[in-house]
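Overview (structure and organization)
Here is what each chain is made of, one letter per residue.
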Amino acid sequence: MSKEPEHVVIIGNGVAGITAARHIRKISDKRITVISAESDYFFSRTALMYVYMGHMKWKNIEPYEEWFWKENRIELKRARVEKLNTAAKILIFESGEQMDYDKLILATGSLPRKIGWEGENLKGVQGLVTKQDLELLEENSQGCKKAVIVGGGLIGVELAEMLHTRNIEVTMLIREQSFWRNVLPEKDAAFISEHIESHGVELEFGTQLDKIIGDETGRVRAILTSTGEEIFCDLVGLSIGVVPNISFLKDSEIETNVGILVDPYLQTSVEDVFAVGDCVQQREQIDDRSPVEAVWYTARMMGETVAQTVCGNLFRYNPGKWFNSAKFFDIEYQTYGRVWPDPKEDEQHLHWEHKNREKAITIAFNTKSGKFLGINTFGIRMKHEVFDEWLREEKGLEFVLTNLRNANFDPEFYSRHEKEIFSSFKEDFVRS
Amino acid sequence: MSNTKHNMSLAGEPPNRLNTTQKIATGIGWTGVFILTLSLFNVSFPDWGLWLSLGLIALGVIIFANDQYLGKPTAVKNNGIWFKSMTSRGVLAWGTGILLTLFYIVLYWHPQYLGYNPDGANSGIIALFDPLSRMISGLPASQWFVYGTLYTLAILAFGYKFLLKYRHNRYEVIRTFSVMFFQLGFAFLLPEILMRLNQPYYNPVNIWPLNYDLFADYKLQEFFSAGNVGVLMILFGIASIFIITPILTYFYGKRWYCSWVCGCGGLAETAGDPYRHLSDKSRSAWKFERWIIHSVLVFVVVMTIGVIYSFLNDNPADFWLTKDVFLWSSAGFLVLFFALIMIFKKDQLAADAKKAATIFLVVILAIISVNYFSGNGNIFFFHGSQLRTWYGFFIGAAFSGVIGVGFYPIFGNRVWCRFGCPMAAILGMQQRLFSRFRITTNGGQCISCGNCSTYCEMGIDVRAYAQKGENIVRSSCVGCGICADVCPRGVLKLENGPREKRINGDGVLLGNDVDLLDLIREQKQSNKETESSRL
Ligand SMILES: Cc1cc2nc3c(=O)[nH]c(=O)nc-3n(C[C@H](O)[C@H](O)[C@H](O)COP(=O)(O)OP(=O)(O)OC[C@H]3O[C@@H](n4cnc5c(N)ncnc54)[C@H](O)[C@@H]3O)c2cc1C
Ligand code: SF4
Ligand code: SF4
């Protein structure tokens, strides 16, 4: 008796959905369909900026060629899902068309956060998350001379770098007293702020957006800041964060809050429906992680995990030690473990900067136990594997410092700074 | 505080135009080229005409590079590459491609149009180079001298540009000094100086089979008549192939040659750098590459065996080595080499690679036997010199010159190195099977952005490995290091290290539950046997 293979439908062709699809295919013969309203093929969202800057073409940011989907029997469908009927296990598309599923994975990602500013729907006001946003930005850049970016996060600084390559003058409004200060320790934040400013981007600290002012054609003309300053501009980039993209679920049985609520197995409140990636909100606290984590790596790891569960091997989502990375104009940033913006009780930060102001390191440790807690590294590449091991084995600060050399991942012949770092920390240590 | 310069008319536009300084620099450079062109029409210049022209070309490139890179923060500088006509297969690119191609056609097949006259005084552009040639070797210039000079100038001038562009990266800086040094010292000056000293024209780092003429009969005659020095040159040539090359490749990968020493690589890395992203990354291009480069390798091996066999056949009394001994030891060597790889490296070879190698070997052996037993004195149906002429035409000139360099702006800068160079094929085999070199990936940090694949001049889909946590161990990788440079997340590192686990098809991305990662590793292993499509 031959049975039709089970049909797994994945909504969202981002890294979460595609990772799930790949891993399911690796271990099963299920029928797999991936749906997306945004693009025909999976692309790297983190690489959108490079298309705008002319480093890559659209095709270059698609990690797989067309044959990949055919040969691995991953069916792709370009359409928007409008509604779910989880009782009947049916998806309803915008066009009215329907699709059955046996198991459903929601991987719908996120959308730019807006907070209802006056004028936020004017022409020339936009966020940067989707392919369509990128196309819009191309359009909005035409003839644009001055842009204001609201919010000083990772997408904000990418936007600044992008616009900068088009000779557009950029001002960033930053709520905190230095760039990304809600994530970075003071000295790191100051270090990066200075680097961004050195590229000619103006940073206005302690400033928020009050409202956006349009002209008679409905296009942005200026903004008003919380400090009462009026800044003329033809483009406003909104980057105060993202929110899970879940509005299409509002009439469904699936429980949501900020995001789609899932248990530790990434199962939603409805049987046979799972959720992964940016759109997820964890019901249970996992280590020191936030319940909604909109980063590439988390999305990928959820995809890896859910594939096992969907294929009958119930697996708990249990991500390892925290890590992340970014690039601020020319300075690469990596982090392993936790370096909180402000040291918690019994924690201390050690900070080192190279004299040319292009490299820096901050290390967090516990003052009582001497345990190493985490590292921020700027302009120096470090090995993930090594730090992951050190963190898991709970190595002490001294061990980390004496072995820092083994964690270096810079290209061959690069200058090394371990000695300098070591003695600088020692001084700090003695002083404090 | 804003230190950005504004050209309002350009605001919001993609950066695809040259600024005024860059335009002037381009003008200066082309004036130098224009003088060369004038000399073609026998406009006569004083002796310093050549210096003026070469100087202007160099000056143009230097001013351009200074304007583009100096005084600006050094880091990845790829803004607008895909918007500029010259670097995105636009009109300028096609124009340049066609001009270069025409130049190569004239150079190889009609040097008389350049003013070359082997029987009397040169004229035209060749005559312009006579003084320089006399200064170095004491002889009048030939078309090859003109070409060599321009080639060296290109490596030096664009090398300077490359040095500025990548000055933040010491690997790139040191490597570029190295290629500039080997081009100027070994490829250009040394052979000319040897000529002056009445020795054979010889560049020790131009190794067979890239240097397919090393065993040509005229070359062998030249070496043997030069006495000890000549014999030493041949011996060094042979040692390079069988001893020096394998050892260096074992320790450092093929990069020690392809992106540190070789002149073809040197031009590709310097003058060709702006075109590296044009290489084709598709899987079909990779398939095509493997067939064609190994076909060229087979061709050069066959040709060389044929040439030496004919040489021994034509000069039977002069050498202790008889043609039969030579022939059967060559065949024996090939069979042994094949057998050893099949026995010891079986699990590191793809099925199609084994099939292709077997076909190639059987064909070579069959041809040798048929000809040998028919006793026609040739080994591959034709006289060795005939084979050499064809190889020289199709591979030496048409492939490596016309397509290899002429089409930089269309197919990218390493077309020859990737699809044609038999030296690269040999080094590549060594690199893949017997080397400590690999590109390691950094845990789970890859964001699949594609910068690495895009800027890999060899068309390697670096991302395909990086986003799975696997090392990149590809025979074609020349170790240019640019993938690691452009990676915005610090994921890639060129390394020489222990050979265990160097090829890690079961690699995983770090970050997730360790038990899950172990499970995924296992699943990847068992999956491999079912030949999944790069999942
Ligand atoms: C500009 C930018 C830069 C970033 N840089 C980094 C970085 O450097 N490092 C990092 O860790 N993270 C970065 N991120 C965050 C990272 O990209 C995301 O965390 C990650 O892409 C989330 O993947 P996902 O699969 O959950 O969702 P997404 O990639 O957002 O995919 C969701 C997909 O689902 C589709 N979809 C949603 N609803 C429906 C529907 N109803 N019907 C059909 N299709 C639907 C969407 O159209 C979309 O294609 C960046 C994000 C942006 C926007
Ligand atoms: S893989 Fe990297 S180092 Fe190797 S050739 Fe490509 S870009 Fe150069
Ligand atoms: S290795 Fe680096 S450059 Fe390549 S895809 Fe990954 S993050 Fe991008």
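Residues numbered from 1 in each chain as written. Chains lettered and ligands numbered in written order. Predicted model: local features only at pLDDT ≥ 70, side-chain atom pairs only at ≥ 80, totals over all residues. Heavy atoms only, no water.

1. Considering the overall build of chain B
- Looking only at helices and strands, one finds 21 helices and 2 strands in chain B.
- For 535 residues, the compact-globule estimate of 2.2 N^0.38 gives 24 Å, and chain B sits close to it at 25 Å.
- Counting only C-alpha atoms and orienting by the principal axes, one finds that chain B spans roughly 80 × 70 × 35 Å.
- The buried share of chain B, taken over its 535 residues, is 55%.
- Long-range pairs, those at least 24 residues apart, make up 73% of the contacts in chain B between residues at least 6 apart in sequence.
- In the structure as shown, chain B presents an accessible area of about 22700 Å², 68% of it carried by carbon and sulfur atoms. (Helix = DSSP H or I, 4+ residues; strand = E, 2+ residues; numbered from the N terminus. Rg over C-alpha atoms; globule rule 2.2 N^0.38 Å. Buried < 20%, exposed > 50% of the residue type's maximum accessible area, 1.4 Å probe, protein only. Contact = heavy atoms within 4.5 Å. Areas by Shrake-Rupley, 256 points an atom, 1.4 Å probe, with all protein chains shown as cover.)

2. Digging into the overall build of chain A
- In terms of regular secondary structure, chain A is built from 10 helices and 25 strands.
- Its C-alpha atoms give chain A a radius of gyration of 23 Å, within 12% of the compact-globule value 22 Å for 432 residues.
- Referenced to the eigenvectors of the C-alpha coordinate spread, the extents of chain A come out at roughly 75 × 60 × 40 Å.
- Per-residue burial for chain A yields a buried fraction of 61% across its 432 residues.
- The long-range fraction of contacts in chain A, counting pairs at least 24 apart against all pairs at least 6 apart in sequence, stands at 60%.
- Summed over its atoms, the accessible surface of chain A is roughly 17700 Å², and 46% of this surface lies on carbon and sulfur atoms.

3. Observations regarding the domain arrangement of chain A
Residues and elements named next belong to chain A.
- Split into domains, chain A comes out as domain 1 (7–111 + 243–310), domain 2 (125–240) and domain 3 (323–431).
- Each of domain 1 and domain 2 has a C-alpha centre, and the two are 30 Å apart.
- Each partner contributes to the interface: domain 1 provides 13 residues, whereas domain 2 provides 15 residues.
- In total, domain 1 and domain 2 occlude about 1300 Å² of area from one another, counting both sides; carbon and sulfur atoms represent 68% of this.
- The tally of links from domain 1 across to domain 2 stands at 0 salt bridges.
- Connecting domain 1 to domain 2 are 5 residue pairs in polar contact (both at pLDDT 80 or more).
- Among the elements that line the side of domain 1 that touches domain 2, the one with the most residues is helix H2 (residues 48–52), at 4 residues. (Domains from an automatic or database assignment. Buried area = accessible area lost by both parts, 1.4 Å probe. Salt bridge = Lys/Arg side-chain N within 4 Å of Asp/Glu carboxyl O. Polar contact = N/O pair within 3.5 Å; in protein donor to acceptor, adjacent residues only side chain to side chain.)

4. What to know about the interface of chain B and chain A
- Taken together, the contact between chain B and chain A spans 78 residues of the former and 81 residues of the latter.
- Each partner contributes to the roughly 6500 Å² buried at the junction of chain B and chain A, and carbon and sulfur atoms together form 51% of this total.
- Among the residues chain B hides against chain A, the three largest losses belong to Gln445, Arg489 and Leu535 of chain B. Together they make up 10% of the total.
- Scanning the region where chain B abuts chain A turns up 2 salt bridges.
- Across the salt bridge formed by Glu412 of chain A and Arg255 of chain B, the nearest N and O atoms sit 2.9 Å from each other.
- In this assembly, chain B and chain A are joined by 37 residue pairs in polar contact (both at pLDDT 80 or more).
- Only helix H6 (170–196), strand E1 (437–441), helix H18 (451–454), helix H20 (482–486), strand E2 (492–496) and helix H21 (514–529) of chain B provide two or more residues apiece to the side of chain B that touches chain A.
- Tallied by class, residues from the side of chain B that touches chain A come to 33 nonpolar, 29 polar and 16 charged. (Nonpolar A, V, L, I, M, F, W, Y, C, P; charged D, E, K, R; others polar.)

5. Some remarks on the site of ligand 3
All names here are of chain B.
- Around ligand 3 lies a shell of 13 residues, among which Cys446, Cys449, Gly450, Cys452 and Cys487 are the nearest.
- When contributions to the shell around ligand 3 are tallied by element, the ones reaching two or more residues are H18 and helix H19 (462–466).
- Broken down by class, the residue content of the shell around ligand 3 amounts to 9 nonpolar, 3 polar and 1 charged. (Near = heavy atom within 4 Å.)

6. A few points about the sheet that holds strand E4 (residues 81–85) of chain A
Residue and element names in this part refer to chain A.
- As summarised here, the arrangement of the 3 strands in space is E4-E5-E6, forming an open sheet in which the pairing is antiparallel. Each end of this open sheet is capped by a strand with a single partner; those strands are E4 and strand E6 (98–100). Averaged over all neighbouring strand pairs, the angle between strand axes comes to 25°, with direction disregarded.
- Inspection of the sheet shows strand E5 (residues 90–93) paired to E6 by 3 bridges, in the antiparallel sense. Paired with Leu91 across the strands is Met99, a residue of E6. (Pairing = 2+ DSSP bridges. Axes fitted to C-alpha atoms, helices over the stretch in contact; angles between N-to-C directions.)

7. What to know about the site of ligand 1
- In the vicinity of ligand 1 lie 33 residues, with Ala16, Glu38, Val81 and Asp278 of chain A together with Arg489 of chain B positioned nearest.
- Neighbouring residues of ligand 1 are not confined to one chain but are distributed across chains A and B.
- A distance of 2.5 Å is found between an oxygen atom of ligand 1 and a side-chain nitrogen or oxygen belonging to Arg489 of chain B.
- The protein chains hide 95% of the 990 Å² of surface that ligand 1 would expose on its own.
- For the shell around ligand 1, the secondary structure elements donating two or more residues are helix H1 (15–27), helix H5 (154–164) and helix H7 (296–310) of chain A.
- Top contributing element to the shell around ligand 1 by residue count: H7 of chain A, with 3 residues.
- Grouping the amino acids of the shell around ligand 1 by side-chain chemistry returns 16 nonpolar, 11 polar and 6 charged.
- Shared between two domains, the shell around ligand 1 takes at least three residues from each, and those domains are domain 1 (7–111 + 243–310) and domain 2 (125–240) of chain A.

8. Observations regarding H5 of chain A
- Taking burial as the measure, the 11 residues of H5 of chain A include 9 buried ones, the bulk of the element.
- Every buried residue belonging to H5 of chain A is among Gly156, Val157, Glu158, Leu159, Ala160, Glu161, Met162, Leu163 and His164 of chain A, and all of these are buried.

9. Overview of the pairing of strand E1 (residues 7–11) of chain A
Residues and elements named next belong to chain A.
- Within E1, 5 of the 5 residues are buried, which leaves it mostly tucked inside the rest of the structure.
- Burial along E1 is two-sided: the face carrying His7, Val9 and Ile11 and the face carrying Val8 and Ile10 are both buried.
- Pairing geometry for E1 and strand E2 (residues 31–36), over 5 bridges, is parallel. Residue pairing across strands places Val8 opposite Ile32, the latter belonging to E2.
- For the handedness criterion, the β-α-β arrangement of E1, H1 and E2 is classed as right-handed. (Right-handed = clockwise from strand over helix to strand, strands pointing away.)

10. Section: the domain arrangement of chain B
Residue and element names in this part refer to chain B.
- Parsing chain B into structural domains produces domain 1 (17–79 + 110–198) and domain 2 (437–527).
- One C-alpha centre belongs to domain 1, the other to domain 2; they are set 38 Å apart.
- Contacts between the two partners involve 9 residues from domain 1, matched on the other side by 8 residues from domain 2.
- Approximately 620 Å² of surface area, both sides summed, lies buried where domain 1 meets domain 2, with 47% of it carried by carbon and sulfur atoms.
- Our enumeration of links across domain 1 and domain 2 arrives at 0 salt bridges.
- Among the elements that take part in the side of domain 1 that touches domain 2, H6 stands out by supplying 3 residues, more than any other.

11. Side note on the pattern of salt bridges
- Per the counting criterion, the structure on display carries 47 salt bridges over all chains.
- The salt bridge involving Glu62 of chain A is made with Lys59 of chain A; its shortest N-O contact spans 3.0 Å.
- Taking the relative accessible area as the measure of exposure, Glu62 of chain A reaches 9% and is therefore buried.
- Measuring nitrogen to oxygen at the nearest pair gives 2.8 Å for the salt bridge that ties Arg290 of chain B to Asp352 of chain B. Of the two residues, Arg290 of chain B sits in helix H11 (residues 283–314) while Asp352 of chain B sits in helix H13 (residues 351–374), which places them 62 residues apart along the sequence.
- Under the relative-accessibility criterion, Arg290 of chain B is labelled partly exposed at 25%.

12. Looking at the packing of H11 of chain B against helix H14 (residues 384–403) of chain B
All names here are of chain B.
- As a packed pair, H11 and H14 sit with axes 8 Å apart at the nearest point and diverge in direction by 150°. Two packed elements cross with a definite hand, and for H11 against H14 that hand is left-handed. From H11, Ile292, Val296, Phe299, Val300, Val302, Met303, Gly306, Val307 and Ser310 reach across to H14, where they touch Gly384, Leu387, Arg388, Trp390, Tyr391, Ile395 and Phe399.
- A class-by-class count of the residues in the contact of H11 with H14 yields 12 nonpolar, 3 polar and 1 charged. (Left-handed = near helix turned anticlockwise from the far one by under 90°.)

13. As for the UniProt feature "domain: FAD/NAD(P)-binding" (unreviewed entry) in chain A
- Within the UniProt annotation, "domain: FAD/NAD(P)-binding" (unreviewed entry) is assigned to residues 7–290 of chain A.
- With 21% helix and 29% strand, residues 7–290 of chain A has end C-alpha atoms that lie 32 Å from one another. (UniProt positions renumbered as here; feature names shortened; annotations may be inferred.)

14. Regarding the confidence of the model for chain B
- In this model, chain B carries a mean pLDDT of 91, and residues with pLDDT of at least 70 account for 96%.
- Note that pLDDT drops below 50 for residues 1–9 of chain B; the model gives that stretch 15 contacts with residues more than four away or on any other chain. (pLDDT = per-residue confidence, 0-100.)

15. Overview of the environment of Val183 of chain A
Residue and element names in this part refer to chain A.
- The topology assignment puts Val183 in the loop between strand E11 (169–174) and helix H6 (186–198).
- Through-space distance from the C-alpha of Val183 to that of Leu159 is 19 Å; in sequence the pair is 24 residues apart.
- Those residues within four positions of Val183 in sequence are excluded, and the remaining contacts are Val339, Trp340 and Pro341.

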